[in-house]
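Structural characterization, general
Now for the letters of each chain:
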Amino acid sequence: MIRVMYWWKVTPGREEAFTAAWAGVTRWMRAHVAGARGSLLVRSGEDPHEFVAIARWVSRAAWEASRARTPDDPELLAHVQVMKATAERARPHVLHDEVADLTLTGEGDDERDMS
């Protein structure tokens, strides 16, 4: 597994639209793109306009293959347009090899109480 981190600076007052569009893109990717395993979105505690997404992919090859194709699905494109209209990339994405993940499972997975 790999993780890809993305940073955005969201236009003040557009945080909800950005978050909804990010969720739409993430759900679409999970449903339609081989190797996409979803993403986590966090907001800075110091700057409420700074967001970081941490996407999970089965491999770098799967991530690269997804970037090589240009999807033309209207649902995806609508979400991408909103993201572009509400935020700008704050810095380039960064790839990381996943070493361990001890978080609880995310949306759509079975959740178990680990206490």
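Preceding block: the structure.
Residues numbered from 1 in each chain as written. Predicted model: local features only at pLDDT ≥ 70, side-chain atom pairs only at ≥ 80, totals over all residues. Heavy atoms only, no water.

Moving on, we get to the nonpolar core. Membership of the largest hydrophobic core comes to 23 residues, with the highest contact counts inside it found for Tyr6, Trp8, Phe18, Trp22, Leu41, Trp57 and Met83. Top element by residues in this core is helix 1 (residues 15–32). It accounts for 6 residues. Setting aside residues no more than four positions away along its own chain, Trp22 makes contact with Trp8, Ser39, Leu40, Leu41, Ala53 and Met83. (Core = buried A, V, L, I, M, F, W, Y, C linked by side-chain atoms within 4.5 Å. Buried < 20%, exposed > 50% of the residue type's maximum accessible area, 1.4 Å probe, protein only. Helix = DSSP H or I, 4+ residues; strand = E, 2+ residues; numbered from the N terminus. Contact = heavy atoms within 4.5 Å.)

Attention shifts here to the pattern of salt bridges. Side chains that carry opposite charge are capable of pairing whenever their charged atoms lie near each other. For the structure on display, the rule yields 5 salt bridges. Of the charged contacts in the structure, one is a salt bridge between Glu98 and Arg3, with a shortest N-O distance of 2.7 Å. Of this pair, Glu98 sits in the segment after strand 4 (87–97) while Arg3 sits in strand 1 (residues 2–10), placing them 95 residues apart in sequence. Using a relative accessible area of 18% as the deciding quantity, one classes Arg3 as buried. (Salt bridge = Lys/Arg side-chain N within 4 Å of Asp/Glu carboxyl O.)

Okay, helix 1 next. Here helix 1 spans 26 Å end to end across 18 residues, near enough to the 26 Å set by a 1.5 Å rise per residue. Buried residues of helix 1: Glu15, Phe18, Ala21, Trp22, Ala23, Gly24, Val25, Thr26 and Trp28, and no others. Buried residues along helix 1 sit in contact with strand 1, strand 2 (36–43), strand 3 (50–57), helix 3 (74–86) and strand 4. (Expected span 1.5 Å × (residues − 1).)

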